Amino acid sequence: MEEYIKIENVYFRYDEEDENSSFALNGVSLSIGRGEFVAVVGHNGCGKSTLAKHLNSLYIPTTGEIYVDGINTKDDERLFDIRKKVGLVLQNPDNQIVAGIVEEDVAFGCENLGIPPEEIRIRVDNALKAVDMYDYRMHSPDKLSGGQKQRVAIAGIMAMEPECIVLDEPTAMLDPQGRDEVMRAVKALNKKMGITIVLITHYMEEAVTADRVVMMDSGGILLQGRPEEVFSKVELLKKHRLDVPQATELIYRLRGCGFDLPEGILNEEDCAEAIYRCIKKR
Amino acid sequence: MVREITLGQYMPGKSLIHKLDARTKIVLLIAYIVFIFLCKNFISLLIMSLFSLLVIFMTKISFMKYLKSLRMILFVIILTGVLNVFYGSGDVLWQWWELKITTGGLINAAFVIVRISMLMMVSSVLTYTTSPTDLTDGLERLMKPLTVFHVKVHEIAMMMTIALRFIPVLLEETDKIMNAQKARGADMESGNIIQRVKALVPVLIPLFVSAFRRAGDLATAMECRCYNGGKNRTRMKVLHFSLKDLGALISCIVIFSSVIVSNMLFAAVI
């Protein structure tokens, strides 16, 4: 896979003046491939949101380098090129919608880029269709549900035709149904349109659907790999007070009791299937 | 209670009024306000009232919505109406101590009530039929000449867009905070006015804190979408002045001049 984002030994502290302040990012190195779906997980204050804001130059590393499609994020001249390539969706859907009508909000990014009106119209319609919100284009955002608002926010980024979307806990403030809607939309963008996705989350159930899971702890990367690999290291995750998906946890405990169950189970269906087989064998 | 405020609420539609250029509507509203205060007799007031009702009817938005907008300022209407009854000259109809009701006072009151109600409803026509973006876009274009005097026209328009967008959000938030404080035993409904104002402090402080946090988030989100202060910005919906707008302008000029004519032909009653 072609490398798209390259993070090289990045250290970052919020207060650059204070030499003694601690680093929010503590030597992070990571490479993200084009079209990949990466989930970054970790508990509060582990630096995952800080990392997200580095990917489109909102924050600049204190030391170390980040390259997006070969452009250094420190390069002031190309700031807008980077922001055009990497869109960021934030946690609170209410706070990222600028205009009072859905389609006008989606157009906001394109308008800033100086795209001609006819072209914006096409892009806005496509973006709204991509997140399945086209029927709501004339609605006012404050009449929509959380999941719908978050999809509008994603459409607003999509209309700018980015190559990568970073989502910083996009589902944290949503109910289960809204979470489903948003995750479905995100996955569709990744699979159908080949957009690179970096999903920051603390829901392990969302992380298991990614191509790769990156576990962060105290500003560094604890471990990374395919979801089955990462979540099979239950002891290590527990030691760092990190969650595992419920199904994995159940299998882990049953294994602890001596049942013959396979490792690397991530979702409810597989879990039920494995337990069923185990019982049948007895 | 706060949810009932319909200020700045856009109701999408396809009527002729919806389709007019935002600039036309803004300019005509300003002219309307001037002319409704220029009415000097019942004939001209009648012309303006009929015109207002016609415009309201043409928006194809239920009349109830307009009445709702009136309810917000009902107190103001009644107060100014009542005060006006006691001012003015003419035949004294009723007197008690220094208070006199005169025919002139009654006419004054009638004029004030009709003017304020019409003013409110026709202003609502503008906000109900124009999307907030079109509205601020229209204002931005109308104020463009002011850039010569270093007025930050784009910034003002952007602030208005954001304000209109966040009015309902902050109203909802106020509701939530009030309920949260009530759940903690805060008393906001009893006591004299000073106590009630004091009781609002625990509502306002969290509201301000959250508003600032929202502002920070919004700024980040706008930066993420390449906002750079309006330089080289294009618009998805370009305002354009069409034949409809010309028609609207001409009909308004006719109606407004008929007000002047009736003012000259008939005796002024106010």
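Above: the structure in question.
Below, the structure is looked at part by part. (Residues numbered from 1 in each chain as written. Chains lettered and ligands numbered in written order. Predicted model: local features only at pLDDT ≥ 70, side-chain atom pairs only at ≥ 80, totals over all residues. Heavy atoms only, no water.)

### Some details on the overall build of chain A
For step 1, the next point in the chain: Across its full length, chain A holds eleven helices and ten strands.
For step 2, the next point in the chain: On C-alpha atoms alone, chain A measures out to a radius of gyration of 20 Å, which is about the 19 Å that the 2.2 N^0.38 rule sets for 282 residues.
For step 3, the next point in the chain: Overall, the C-alpha framework of chain A stretches about 70 × 50 × 35 Å when taken along its three principal axes.
For step 4, the next point in the chain: Every one of the 282 residues in chain A was classed for burial, and the buried ones make up 54%.
For step 5, the next point in the chain: Long-range contacts, defined here as pairs at least 24 residues apart, represent 64% of the contacts in chain A between residues at least 6 apart.
For step 6, the next point in the chain: Summed over its atoms, the accessible surface of chain A is roughly 12,400 Å², and 46% of this surface lies on carbon and sulfur atoms. (Helix = DSSP H or I, 4+ residues; strand = E, 2+ residues; numbered from the N terminus. Rg over C-alpha atoms; globule rule 2.2 N^0.38 Å. Buried < 20%, exposed > 50% of the residue type's maximum accessible area, 1.4 Å probe, protein only. Contact = heavy atoms within 4.5 Å. Areas by Shrake-Rupley, 256 points an atom, 1.4 Å probe, with all protein chains shown as cover.)

### Brief notes about unusual backbone geometry
For step 1, the next point in the chain: With phi around 50 degrees, A:D69 is a residue other than glycine that occupies positive phi space.
For step 2, the next point in the chain: Relative to the helices and strands, A:D69 is located in the loop between strand 4 (63-68) and strand 5 (71-72).
For step 3, the next point in the chain: At B:C226, a residue that is not glycine, the phi angle is positive and equals roughly 60 degrees.
For step 4, the next point in the chain: Turning to its location among the elements, B:C226 is positioned in the loop between helix 9 (193-224) and helix 10 (243-265).

### Considerations on the sheet that holds strand 3 (residues 37-41) of chain A
Residue and element names in this part refer to chain A.
For step 1, the next point in the chain: Taken together, six strands build an open sheet; the order of strands is 6-7-8-3-9-10 and the sheet is mixed. Two strands close off the open sheet at either side, each with one partner strand: strand 6 (86-89) and strand 10 (220-225). Adjacent strand axes in the sheet meet at a mean angle of 20 degrees when their direction is disregarded.
For step 2, the next point in the chain: Two strands pair when backbone bridges link them, and strand 7 (residues 164-168) and strand 8 (residues 196-201) are joined in this way by five bridges, in the parallel orientation. Residue pairing across strands places V166 opposite V198, the latter belonging to strand 8.
For step 3, the next point in the chain: Along the sheet, helix 6 (residues 176-193) makes contact with strand 3, strand 7 and strand 8, crossing strand 3 at roughly 140 degrees. (Pairing = 2+ DSSP bridges. Axes fitted to C-alpha atoms, helices over the stretch in contact; angles between N-to-C directions.)

### Describing the pattern of salt bridges
For step 1, the next point in the chain: By the definition in use, this model includes 31 salt bridges over all chains.
For step 2, the next point in the chain: B:R235 is the salt-bridge partner of A:E111, the closest N and O atoms lying 3.7 Å from each other. Placement of the pair is A:E111 in helix 3 (residues 102-113) and B:R235 in the loop between helix 9 and helix 10, with the two residues belonging to separate chains.
For step 3, the next point in the chain: Residue classification places A:E111 among the buried positions, given a relative accessible area of 6%.
For step 4, the next point in the chain: A relative accessible area of 18% means that B:R235 is categorised as buried.
For step 5, the next point in the chain: Here B:R214 and B:E173 are joined by a salt bridge, their closest N and O atoms 2.5 Å apart. Of this pair, B:R214 sits in helix 9 while B:E173 is found in helix 8 (residues 153-183), placing the two residues 41 residues apart along the sequence. (Salt bridge = Lys/Arg side-chain N within 4 Å of Asp/Glu carboxyl O.)

Nothing here speaks to function; it is all geometry.
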